[in-house]
Amino acid sequence: MTEEEIEKRTLELLAEVCDDEVVYEERDIDLFEAGLLDSMAAIEVLVGIEEAFGVEIAPTEVEREEMNSVNKIIHQIVVRALA
Amino acid sequence: MSFYLQPSFFILLAVAVVPAAVLGFAGRRIKYYGFVASLFFLSMLFGRDLQGFLAFLFFVVLAFGVTRWELASWKRGQKSMAKFYVSLAAVIAPLVIYKVGAVFDENLLGFIGISYITFKAVQVVLEIRDGLIKELSAFDYLYFLLFFAPFTSGPIDRSRRFSEDANRTYTAPEYADLLSRGILLLLAGACYQMVFGTICHHFYTPEAFSADHSLLYNMAAAWKDAFAYGFYLFFDFAGYSLMAMGASYCFGIRTPRNFRAPFIAKDVKEFWDRWHMTLSFWLRDFVFMRFVRSATRHKWFKSRLTCACVGYIIDFGLMGVWHGITVDYIVYGFFYGFLLAATDIYQKKCPFHKKHKKDTWYKLVCWAVTINLVMFAMSIFSGQAHIIVAGLIHG
Amino acid sequence: MGKAKLCSNAGAPRGDRLPLVRLGFVLGACVLCAVGLVGFKLFGNAQDASATSAADPYEGLFAPAQPSGDPGQVNDEGRYGRSKDDDSRSQRRHHGSRPDESSPRGRLLAQFYDRPFYVYPQVGDIGDIEVLATMINSRQDAGDNPRLLMGSSELSYIDPMASHPSRFFGEHNYGIDTVQVGKAGYQSLWQAMELGALDQADAVPDRKVALIVGMQWFMGDGCTTESFLNSFSEDAYRRFMENPRISEQSKEVLRSRALELGKGETELNALAPRTLSERIDAGFEDFVSREQDEGAVEQALQDNVAIPEGRFADRAVPDWDEEFARARAEGARACTTNDAGVYDEYFEEYYKPWLEGAQSQEKPERFVDWSQKELEDFKLFLQVCREVGVEPLIVIMPVKASYYDYTAYDRESRQLYYDLVRGACDELGVDYADYSGFEDDTYFMRDVMHLGWEGWLHVNRDLMEFFEAGEQP
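By the naming in an unreviewed UniProt entry, chain A is D-alanyl carrier protein, taken from Muribaculaceae bacterium Z82. Per UniProt, chain A carries the Subcellular location (unreviewed entry) text "Cytoplasm". According to its UniProt record, chain A has this under Sequence similarities (unreviewed entry): "Belongs to the DltC family."

A.B. asks: Explanation requested: the overall build of chain B in the structure shown.
C.D. replies: Counting its regular elements, chain B contains 16 helices and zero strands. The C-alpha atoms of chain B give a radius of gyration of 23 Å, which matches the 21 Å a tight globule of 395 residues would have. Oriented by its inertia axes, the alpha-carbon framework of chain B measures out at about 65 × 55 × 50 Å. For chain B, the residues scored as buried account for 55% of the 395 residues in total. Sequence-distant contacts, at least 24 apart, represent 72% of the contacts inside chain B between residues at least 6 apart.

A.B. asks: What should I look at first to understand the interface of chain B and chain C in this one?
C.D. replies: A common way to report how large an interface is uses the accessible area buried once the components associate. Listed as interface residues are 30 residues of chain B and, on the opposing side, 29 residues of chain C. For the pair chain B and chain C, the summed buried surface comes to about 2,500 Å²; carbon and sulfur atoms form 69% of the total. Contact with chain C buries surface across chain B, with Arg48, Pro173 and Asp177 of chain B losing the most and accounting together for 23% of the total. Seen at the junction of chain B and chain C, the total is one salt bridge. Its salt-bridge partner being Arg22 of chain C, residue Asp177 of chain B comes within 3.1 Å of it at the nearest N-O pair. In this assembly, chain B and chain C are joined by three residue pairs in polar contact (both at pLDDT 80 or more). Elements with a contribution of two residues or more to the side of chain B that touches chain C: α1 (7-25), α2 (31-46), α8 (172-202), α9 (215-250) and α11 (277-297) of chain B. If one sorts the elements of the side of chain B that touches chain C by residue count, α8 of chain B sits on top with 11 residues.

A.B. asks: Mind showing me how you'd approach the nonpolar core here?
C.D. replies: The nonpolar side chains of a soluble globular protein tend to be buried, and buried together. Of all hydrophobic cores here, the largest spans 155 residues; its most connected members are Tyr4, Phe251 and Tyr336 of chain B. Here this core gets 18 residues from one element, more than from any other, and that element is α9 of chain B. Viewed by domain, this core spans two of them, domain 1 (29-167) and domain 2 (262-394) of chain B, each represented by three or more residues. Setting aside chain neighbours within four positions, we find Phe251 of chain B in contact with Leu13, Ala16, Val17, Ala20, Ile30, Tyr33, Gly34, Ala37, Phe147 and Phe148 of chain B. Counting 73 residues, the second largest nonpolar core, distinct from the first, contains Leu132, Ala201, Met219 and Leu254 of chain C.

A.B. asks: So what exactly am I meant to see when it comes to the packing of aromatic side chains here?
C.D. replies: In this description, a pair of aromatic rings is defined by centroid distance and the angle of the planes. Under the defined criterion, the tally for this structure stands at 96 aromatic pairs over all chains. When the centroid spacing of 5.7 Å and the interplanar angle of 85 degrees are considered together, the rings of Phe56 of chain B and Phe151 of chain B count as edge-to-face. Of the two residues, Phe56 of chain B sits in helix α3 (residues 50-76) while Phe151 of chain B sits in the loop between α6 (138-146) and α7 (159-167), which places them 95 residues apart along the sequence. The exposure classification of Phe56 of chain B matches that of Phe151 of chain B, with both residues buried. With a centroid separation of 5.5 Å and 20 degrees between ring planes, the pair formed by Phe271 of chain B and Trp275 of chain B is classed as stacked. Taken as a pair, Phe271 of chain B and Trp275 of chain B share a single burial class, namely buried. Note that Arg129 of chain B overlies the ring of Phe84 of chain B, its terminal NZ or CZ placed 5.7 Å from the centroid. The ring centre of Phe466 of chain C lies 5.3 Å from the NZ or CZ of Lys208 of chain C, which sits over that ring.

A.B. asks: Any chance you could explain the environment of Lys357 of chain B here in plain terms?
C.D. replies: For Lys357 of chain B, the position within the fold is in the loop between α14 (351-356) and α15 (360-382). Expressed as a C-alpha distance, the spacing of Lys357 of chain B and Tyr312 of chain B, which sit 45 residues apart in the sequence, is 22 Å. Ignoring sequence-local partners within four residues, the contact set of Lys357 of chain B consists of Asp20 of chain A together with Tyr362 and Lys363 of chain B.

A.B. asks: Where do I start with the domain arrangement of chain B in this structure?
C.D. replies: Residues and elements named next belong to chain B. Domain boundaries in chain B define domain 1 (29-167) and domain 2 (262-394). Here domain 1 and domain 2 have C-alpha centroids that lie 28 Å from each other. Roughly 1,300 Å² of surface becomes buried between domain 1 and domain 2 when both sides are summed, with 65% attributable to carbon and sulfur atoms. When residues of domain 1 are sorted by the area they lose upon contact with domain 2, Lys99, Phe119 and Arg158 head the list and together hold 42% of the total. Counting the contacts that link domain 1 with domain 2 gives two salt bridges. Arg158 is the salt-bridge partner of Asp285, the closest N and O atoms lying 3.0 Å from each other. The interface formed by domain 1 and domain 2 includes seven residue pairs in polar contact (both at pLDDT 80 or more). At eight residues, helix α5 (residues 114-129) tops the list of elements feeding residues into the side of domain 1 that touches domain 2.

A.B. asks: Before we go on, may I ask you to explain the pattern of salt bridges in this structure?
C.D. replies: A side chain of one charge can pair with a side chain of the opposite charge when the charged atoms of the two come close. Across all of its chains, the model carries 55 salt bridges over all chains by this definition. Several salt bridges converge on common partners, so that one network encompasses Asp221, Arg257, Glu260, Lys373 and Asp377 of chain C.

A.B. asks: Got a minute to help me understand a negative patch on the surface in this structure?
C.D. replies: There is a patch of like negative charges on the surface, built from Glu21, Glu25, Glu26 and Asp28 of chain A. Looking at the element boundaries, Glu21 of chain A is found in the loop between α1 (3-18) and α2 (39-53).

A.B. asks: In this structure, what is going on with the packing of helix α12 (residues 320-334) of chain C against helix α17 (residues 453-466) of chain C? I would like to understand it.
C.D. replies: Describing two packed helices takes the angle between their axes plus the distance from one axis to the other. Residue and element names in this part refer to chain C. At a closest axis distance of 8 Å, the pairing of α12 and α17 adopts a crossing angle of 150 degrees. One element, α12, and the other, α17, form an angle in the roughly antiparallel class. Contacts between α12 and α17 involve Trp320, Glu323, Phe324, Ala327, Arg328, Glu330, Gly331 and Ala334 from the first element and Trp453, Glu454, Leu457, His458, Asn460, Arg461 and Met464 from the second. Classifying every residue of the contact of α12 with α17 gives seven nonpolar, three polar and five charged.

A.B. asks: How should I be thinking about helix α13 (residues 327-349) of chain B in this particular structure?
C.D. replies: For an α-helix the count is 3.6 residues per turn, leaving residues at separations of three or four pointing the same way. If you check α13 of chain B, its first and last C-alpha atoms are 32 Å apart, about what 23 residues at 1.5 Å a residue would give, namely 33 Å. All of the buried residues in α13 of chain B are Asp328, Tyr332, Gly333, Tyr336, Gly337, Leu339, Leu340, Ala341, Thr343, Asp344, Gln347 and Lys348 of chain B.

A.B. asks: What am I meant to see in the UniProt feature "domain: Carrier" (unreviewed entry) in chain A here?
C.D. replies: UniProt's feature table lists "domain: Carrier" (unreviewed entry) at residues 1-81 of chain A, given in the numbering used throughout. Summarising residues 1-81 of chain A: 53% helix, 0% strand, and an end-to-end C-alpha distance of 8 Å.

A.B. asks: Sorry if this is basic, but what is going on with the pairing of strand β6 (residues 391-396) of chain C here?
C.D. replies: Consecutive residues of a regular strand have side chains that alternate between opposite faces of the sheet. Residue and element names in this part refer to chain C. Counting buried residues in β6 gives five out of six residues, a clear majority hidden from the surface. Of the strand pairs in this sheet, strand β4 (residues 208-213) and β6 are connected by six bridges, and their pairing is parallel. Bridge pairing links Val209 to Pro392 in β6. Pairing between β6 and strand β7 (residues 431-434): four bridges, direction parallel. Bridge pairing in β7 places Ile396 opposite Asp434.

A.B. asks: Please explain the UniProt feature "modified residue: O-(pantetheine 4'-phosphoryl)serine" (unreviewed entry) in chain A as it appears in this structure.
C.D. replies: Feature annotation in UniProt places "modified residue: O-(pantetheine 4'-phosphoryl)serine" (unreviewed entry) on Ser39 of chain A, given in this structure's numbering. As for its position among the elements, Ser39 of chain A is in helix α2. With residues near it in sequence (within four places) discarded, Ser39 of chain A still touches Phe32 and Arg64 of chain A together with Asp273, Phe281 and Arg284 of chain B.

A.B. asks: Hey, could you run me through a nonpolar patch on the surface in this one?
C.D. replies: Residues and elements named next belong to chain B. On the surface, Ile92, Val96, Val100, Val103, Phe104 and Ile325 cluster together into a nonpolar patch covering about 490 Å² of accessible area. Mapped onto the elements, Val96 comes out in helix α4 (residues 81-103). Judged by relative accessible area, which is 43%, Val96 ranks as partly exposed.

The rules we used
Residues numbered from 1 in each chain as written. Chains lettered and ligands numbered in written order. Predicted model: local features only at pLDDT ≥ 70, side-chain atom pairs only at ≥ 80, totals over all residues. Heavy atoms only, no water. UniProt positions renumbered as here; feature names shortened; annotations may be inferred. Helix = DSSP H or I, 4+ residues; strand = E, 2+ residues; numbered from the N terminus. Rg over C-alpha atoms; globule rule 2.2 N^0.38 Å. Buried < 20%, exposed > 50% of the residue type's maximum accessible area, 1.4 Å probe, protein only. Contact = heavy atoms within 4.5 Å. Buried area = accessible area lost by both parts, 1.4 Å probe. Salt bridge = Lys/Arg side-chain N within 4 Å of Asp/Glu carboxyl O. Polar contact = N/O pair within 3.5 Å; in protein donor to acceptor, adjacent residues only side chain to side chain. Core = buried A, V, L, I, M, F, W, Y, C linked by side-chain atoms within 4.5 Å. Domains from an automatic or database assignment. Phe/Tyr/Trp six-rings, centres within 6.5 Å; stacked < 30°, edge-to-face > 60°. Lys NZ or Arg CZ within 6 Å of the ring centre and 35° of its normal. Patch = residues over 30% accessible without salt bridge, like charges linked within 9 Å, V, L, I, M, F, W, Y side chains within 5 Å. Areas by Shrake-Rupley, 256 points an atom, 1.4 Å probe, with all protein chains shown as cover. Lys, Arg positive; Asp, Glu negative; His and termini not counted. Charge placed at Lys NZ, Arg CZ, Asp CG, Glu CD. Axes fitted to C-alpha atoms, helices over the stretch in contact; angles between N-to-C directions. Parallel < 35°, antiparallel > 145°, perpendicular 65-115°, else oblique. Nonpolar A, V, L, I, M, F, W, Y, C, P; charged D, E, K, R; others polar. Expected span 1.5 Å × (residues − 1). Pairing = 2+ DSSP bridges.

What follows is the structure in structure tokens.
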């Protein structure tokens, strides 16, 4: 799996969970502040990540600041998937 | 002695903070002294209640034992799921027995703080299994369970975060910052609970619908009582939480907050991000998460949305039952469960919402609807709704 | 996603002095508030206390204490007109008589010693044991010879008859005076608590007490929650529990009875603290509620009345024949509308209407279940007396037979009650004055249940004998 693939599938996942295509454009906004994600949706994202990439990230493993934008999420997955 | 209520607690707390402050300013670890202070305060807490104290001892010994057992298995690499399940059942058992016993008016294994200490013990067992806790010394574990400040009613902390704080040292400016915040939090909490909470409680006069008044009057009065109770509960519980945070800060532990202006929430999902946050997050991280993950792995549901909705219902249903196995609490829990599910469906599927969700007027309407739903839920929780419904049935 | 940290590390440690300065302000503010509150408490009270200016009931009654060159009038020793043959000062010194005048409260209480007083209308209204004890001790110091008379509603009066102890002993000098402790609704349990408390405050003169027991106490199931909670004196409970002479067992009995009758455990723990936190809470409460304590003393001073002039006469012995004749006449004057010996107002309002109904109705079932709980409370009183070394006299009051014979409490029923009380006294080796034989006497009781014109005379005579009024130290 390459970084591009990870990026593509992550965007699909996020668009579905956030129910908003804006994630494709705004890669660095805080998704929680923007109201696109809330705590429960975040769980769905983590589960979706596990399903799509086989990467397990526990909800208490990572600080919110480290996973609150599209690019940061992609980064966390890449770091674990390609490690 | 009740914590945060009687003068003796505050006087003893003030005295107890002095050595903590000395250690803090000196750049030393406070945890060893904090542990001793906690033992002292817990002995004061149980006072003349011998039965409660024994139940508490039993729980601590049990939780400690199974946790070490499980941790040993994981450290060895054995990772026995059987041991995990046994440990989990063991730490949950006392609370379940107590809650079930309460239905029959029996006090079995109950002690003050049992509900909250169970959360902590369960969290450790789960995170060991998840591999997030690879190491936990006996002392750190016990300190986490027994730290007196949030012992009686939370906020519910997490062991890794707690131990990190417990094991660190602060520079003098850092500790000064903590101590002043701690004192201010204690004062603010005391003000919330003793002044505002009492005032609001004064306005809470629940009663059944009376035939002497019109239906409109009865409903307006009930509405008033629901709001009064909601604000009373907020000030009372938020006040307590602030004081618990304040006392923690003085001991170098930055116990997380429980409330973040809950009544400005624009929907119930946001409400639970602002109200009793540590409880809601705990349930989210350990119940909702696990359910959604299992459901997704085994493909129980066709859509992610359905899965999330069922997750909400289970998550909040459990919350209701955790409060107590009574009609009021169970209805309360499932009410929120269904409400959250409905909110999620509405937000994801309704075009009207998507179109207007950035409009100010729409946000105001959402806020108004939300706060009324929340206060209605409060009336279930307080038993007011029960009184009214019973009155209507029998009247 | 985890929770965002509240106190993020990125913010605080700038390594500068600002947090320390801020902490300094916070601590300073706290200390100032605390000092202010404490100071206000301590010094504010002192101001209030010294500003007390009650009307002086002693105005013009006697000259302020001077070295007296004129025996027979007021002198330092016997303000109450004791003959100069007697030993000047009562040698029966009691512990800690004069209050410590370093506190505002002490200064107030000391005023009682300078001007011993009667409290009118009712001593029973004084809930503060220290005030009561000071009153008793100051009068004892001045030679008034007060003796403890405990009871309930019969002690209360609005316009007392001549034979009522407040007038009989109060307006004459028959050697002793009475301090009447108790009000309507105060039953055995209250009496036991009060006695234990008075003993703790060293306020039981001559180590003797007379208790007038009422039949009504034993009706129903004894003391009701309502009357107990109404009559409950925190001060008395606290002192009872602090009394070293009372056994742990008796204290436990009182505590469990109080809980049974509706007192909250937290409140009882606060009054009789055992654990460290309870002690701190109690101490804090004391500090905070000090202001009210002086209020009780000030109120008592306000209620102060001048001592009746009769107390300054030479000591006399009552002419019982004359007293009984006078009592009978007074009774006859008060009961013009009936032959039962019930005073007119009562007769009109209660007795006559009842009489009209009762004689036509069927007599109700005889009451035989005199309250065992009240009996246990009564035995507690006797037990406490024994433990602290006080000799009691139980005055067994009768009732008006002409009324009660028509109720569930008929003659046989009442005999059961009398036997019960006498039996308890015998069991614990206590003396009693049994007036059950006077049920049919016209003027013994002034209405259906309260001592009257002749009744009080009988009681007074026995009190004088019990308290050895004739034999003075």
